[in-house]
Amino acid sequence: EAALFERAGALWERLPLGFQELFNTLFWDGQRFLRYCTGPSSMIGHHARACGNLLHSVEVAETVLRLLPLHKAASEAVALFAALVHDAGKADEYQARRNGGWNLSDRGCLIGHRTTVVEWLAVARSRMRLGIPDAHYLSLLPALTAAQAPDWVGLRRPQTPEAHLLSLADRASGHADLVNRHQAEEGGWGRSHPHL
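Everything quoted here is computed from the prediction, not taken from an experiment.

## Observations regarding the overall build of the protein
Regarding its fold elements, the protein presents 9 helices and 2 strands. Helices and strands in the protein line up, N terminus first, as α-α-α-α-α-β-β-α-α-α-α. In terms of overall dimensions, the protein is globule-like: its C-alpha atoms have a radius of gyration of 17 Å, near the 16 Å expected for 196 residues. Each principal axis of the C-alpha distribution contributes one length, and for the protein these read about 50 × 40 × 40 Å. For the protein, buried positions account for 44% of its 196 residues. As displayed, the protein has an accessible area near 10,700 Å², and 56% of this comes from carbon and sulfur atoms. In the protein, the 20 positive side-chain charges and the 20 negative ones have mean positions that sit 3 Å from each other.

## Let's talk about the nonpolar core
Tyr-36, Phe-81, Leu-84, Val-85, Leu-121 and Leu-140 are the most contacted members of the largest nonpolar core, which totals 47 residues. Counting residues per element, the ones that place at least two in this core are helix H1 (2–14), helix H2 (17–26), helix H3 (30–38), helix H4 (52–67), helix H5 (76–85), helix H7 (113–126), helix H8 (134–145) and helix H9 (161–182). Ranked by residues supplied to this core, first place goes to H5 with 9 residues. In this structure, Leu-121 is in contact with Leu-22, Leu-26, Phe-81, Tyr-137, Leu-140 and Leu-144, ignoring residues within four places of it in sequence.

## Some points on the state of the cysteines
All chains considered together, the criterion is met by 0 disulfides. A disulfide-free cysteine, Cys-51 has its sulfur positioned 7.5 Å from the sulfur of Cys-37, the nearest such atom. You can call Cys-51 buried: its relative accessible area is 9%.

## Overview of the environment of Asp-106
You can see Asp-106 is positioned in helix H6 (residues 106–110). Using a relative accessible area of 64% as the deciding quantity, one classes Asp-106 as exposed. Taking the C-alpha atoms as reference, Asp-106 lies 7.7 Å from Glu-93; in sequence the two are 13 residues apart.

## Describing a nonpolar patch on the surface
On the surface, a nonpolar cluster with roughly 250 Å² of combined accessible area is contributed by Met-43, Ile-44 and Leu-104. Note on placement: Met-43 falls in the loop between H3 and H4.

## A few points about the pattern of salt bridges
Side chains that carry opposite charge are capable of pairing whenever their charged atoms lie near each other. For the coordinates displayed, the defined rule picks out 8 salt bridges. For the salt bridge of Glu-62 with Arg-7, the shortest nitrogen-to-oxygen distance reads 2.7 Å. Residue Glu-62 is found in helix H4, and its partner Arg-7 is found in helix H1; the two are separated by 55 residues along the sequence. For Arg-7, a relative accessible area of 32% translates into the label partly exposed.

## Regarding the side chain of Asp-177
Along the polypeptide, Asp-177 turns up in helix H9. By relative accessible area, which is 8% here, Asp-177 ends up buried. From its side chain, Asp-177 meets the backbone nitrogen of His-47 in a polar contact 2.6 Å long. Look past the residues within four positions of Asp-177 in its chain and what remains in contact with it is His-46, His-47 and Arg-49.

Quick notes on the rules
- Residues numbered from 1 in each chain as written.
- Predicted model: local features only at pLDDT ≥ 70, side-chain atom pairs only at ≥ 80, totals over all residues.
- Heavy atoms only, no water.
- Helix = DSSP H or I, 4+ residues; strand = E, 2+ residues; numbered from the N terminus.
- Rg over C-alpha atoms; globule rule 2.2 N^0.38 Å.
- Buried < 20%, exposed > 50% of the residue type's maximum accessible area, 1.4 Å probe, protein only.
- Areas by Shrake-Rupley, 256 points an atom, 1.4 Å probe, with all protein chains shown as cover.
- Lys, Arg positive; Asp, Glu negative; His and termini not counted.
- Charge placed at Lys NZ, Arg CZ, Asp CG, Glu CD.
- Core = buried A, V, L, I, M, F, W, Y, C linked by side-chain atoms within 4.5 Å.
- Contact = heavy atoms within 4.5 Å.
- Disulfide = S-S within 2.5 Å.
- Patch = residues over 30% accessible without salt bridge, like charges linked within 9 Å, V, L, I, M, F, W, Y side chains within 5 Å.
- Salt bridge = Lys/Arg side-chain N within 4 Å of Asp/Glu carboxyl O.
- Polar contact = N/O pair within 3.5 Å; in protein donor to acceptor, adjacent residues only side chain to side chain.

Structure representation (structure tokens):
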């Protein structure tokens, strides 16, 4: 786990000062930060284990940085920050069961992690001293909220370079984790999983 925290720290160091302040303000509540770092990224799917959320966020951020040269118009700061916090709301979406495993919290059932992180960011931004430019904030929000869904759902599809990068990296990390955990050592299809 020490190596994971070193990777996360190196990614945070790449953020411009205003985004570092936004990250720190977002996680000023130490218990929220602890839940973000130690909780799962899903209950039964990808990265469904202790520290899974942080591992997934780091993988997504590292993948975004590798893909960034393909999207010349993308802001590295926005894309990297979005990757690091895209699942931050899961800190309050899941709660540990006494006998092991995870349940959805009331917030998870009623609101979800995408809305939660946007709410937290709005509060964090209002408390910042340095701030980030409006253009960056307006690029950050669709990166965090865009989703591939039918139009009637009301969600917006990825339209900005940062939203596309995050969507690609998020899916790649989740799929790779599931495949790697369920692959057969002797070759072949491996174990079944409902998300594969």
